[in-house]
Amino acid sequence: MFFNKVNLRLFFKQICQLCRLQPAQLNGLCEDCHADLPWRLFPCPVCGLSRTSPMADCPDCQRLQPAFDHTCVALDYRFPLTQLLPAIKYHQQLRTLGWLAPVLAAQIRDTEQALPHCLLPVPMHPWDQLRRGHNQAALLAEQLGRQLNIPVQYQALQKIRHTRKQHRLSARQRRHNLQGAFALNKPLPSHVALVDDVMTTGSTLNEIARLLKSQGVLRVDNWVIARTPESQDSTEETDEIE
Ligand SMILES: [Zn+2]
Ligand SMILES: [Zn+2]
């Protein structure tokens, strides 16, 4: 019989992970779903915000002078990411990372930037992680590390203080909120990448980059699946993200 158990398993493994209708061709998705993803156009190579053209200067980087050196972001944080990423975070839909991680890995390869010596997932406070049961940034870093052959440092960077959600705070409040929130407990190589699922204001990644640079790291990259399309203080779609 054609649809025996083995055939069924193969069929579902090779079916598009998003529409579940067509065969998977690219990173676990069918061609249509892959093309329909909200790809980020002309991202600034430093902060990942969209610019008007590939050659345009980034006003945000000129104004904010971030401590990190490079951001690789694959997608805009809008539908379907506004549903998929919170589902990974809050509803244990971890299988989605099975195709989102290769989408980001492909983007990282395409940028042809030098690869870091190790990956650091953006940490959660230990109590928060205990309550949630997983840190989606660590799971993403694990997959990227395996796909790109880069070691992951899970414990080097720790969150030692609770912080309020960033996106409702002013720039000054954000800085105050993050002060002393992270700590580094071992020396790191000269080039590292911070890994997170979504980047909103960029303040958390900037604070961690400042800490790493003060401890001797020379280059800090950000690897994120998605970034909010607007530059700052986007609150409409980001109620559930940090
Ligand atoms: Zn599809
Ligand atoms: Zn920029």
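Nothing here was measured: the structure is a model prediction, and the numbers come from that model.

A. Focus on the overall build of the protein chain. Per the secondary structure count, the protein chain includes nine helices and six strands. Burial analysis of the protein chain (242 residues in total) assigns 48% to the buried set. For the protein chain, the share of sequence-separated contacts (at least 6 apart) that also reach a separation of at least 24 residues comes to 72%. Working note: accessible area of the protein chain is about 12900 Å², and carbon and sulfur atoms make up 53% of it.

B. Looking closely at the coordination of the zinc ion (ligand 1). The zinc ion (ligand 1) binds to the protein through Cys16 (SG), Cys19 (SG), Cys30 (SG) and Cys33 (SG), with metal-donor distances spanning 2.3 to 2.4 Å. Taken in sequence order, the residues that donate to the zinc ion (ligand 1) follow the motif C-x2-C-x10-C-x2-C. Pair noted here: Cys16 is in the loop between helix 1 (5-13) and helix 2 (31-36) and Cys30 is in the loop between helix 1 and helix 2, with a separation of 14 residues, a long-range link.

C. Broad picture of the sheet that holds strand 2 (residues 118-121). As summarised here, the arrangement of the four strands in space is 1-6-5-2, forming an open sheet in which the pairing is parallel. Taken across any chain shown, the strands that pair with only one partner, and hence form the sheet edges, are strand 1 (70-76) and strand 2. Direction aside, the axes of adjacent strands within the sheet are offset by 20° on average. Here eight bridges tie strand 5 (residues 191-199) to strand 6 (residues 219-227), and the two strands are oriented parallel to one another. Bridged to His191 within strand 6 is Arg219.

D. Local environment of the coordination of the zinc ion (ligand 2). On the protein side, the zinc ion (ligand 2) has Cys44 (SG), Cys47 (SG), Cys58 (SG) and Cys61 (SG) as donor atoms, found 2.3 to 2.4 Å from it. Its four donor atoms give the zinc ion (ligand 2) angles of 104 to 118° at the centre, a pattern that matches the tetrahedral case.

E. View of the packing of helix 4 (residues 81-91) against helix 5 (residues 97-111). Between helix 4 and helix 5, the shortest axis-to-axis distance is 11 Å and the interhelical angle comes to 115°. When the axes of helix 4 and helix 5 are compared, the crossing they make is left-handed. From helix 4, Leu81, Leu84, Leu85 and Ile88 reach across to helix 5, where they touch Leu97, Trp99 and Leu100. A class-by-class count of the residues in the contact of helix 4 with helix 5 yields seven nonpolar, no polar and no charged.

F. How the structure looks around unusual backbone geometry. Of note, the amide linkage connecting Phe79 to Pro80 takes the cis form, showing an omega dihedral of 5°. Considering the arrangement of structural elements, one finds Pro80 in the loop between strand 1 and helix 4. If you check the backbone angles, Arg20 has positive phi at about 55° while not being a glycine. Mapped onto the elements of the fold, Arg20 is located in the loop between helix 1 and helix 2.

G. Region of interest: helix 4. For helix 4, every residue scored as buried is listed here: Leu81, Leu84, Leu85, Pro86, Ala87, Ile88 and Lys89. In this structure, the buried residues of helix 4 make contact with strand 1, helix 5, helix 6 (126-132), helix 7 (136-148), strand 5 and strand 6. With its phi angle positive at about 55°, Gln92 sits one or two positions after the end of helix 4.

The rules behind the values
Residues numbered from 1 in each chain as written. Chains lettered and ligands numbered in written order. Predicted model: local features only at pLDDT ≥ 70, side-chain atom pairs only at ≥ 80, totals over all residues. Heavy atoms only, no water. Helix = DSSP H or I, 4+ residues; strand = E, 2+ residues; numbered from the N terminus. Buried < 20%, exposed > 50% of the residue type's maximum accessible area, 1.4 Å probe, protein only. Contact = heavy atoms within 4.5 Å. Areas by Shrake-Rupley, 256 points an atom, 1.4 Å probe, with all protein chains shown as cover. Donors = N, O, S within 2.8 Å, 3.2 Å for Na, K, Ca; no water. Pairing = 2+ DSSP bridges. Axes fitted to C-alpha atoms, helices over the stretch in contact; angles between N-to-C directions. Tetrahedral: all angles 85-135°; square planar, octahedral: opposite > 155°, others 65-115°. Left-handed = near helix turned anticlockwise from the far one by under 90°. Nonpolar A, V, L, I, M, F, W, Y, C, P; charged D, E, K, R; others polar.

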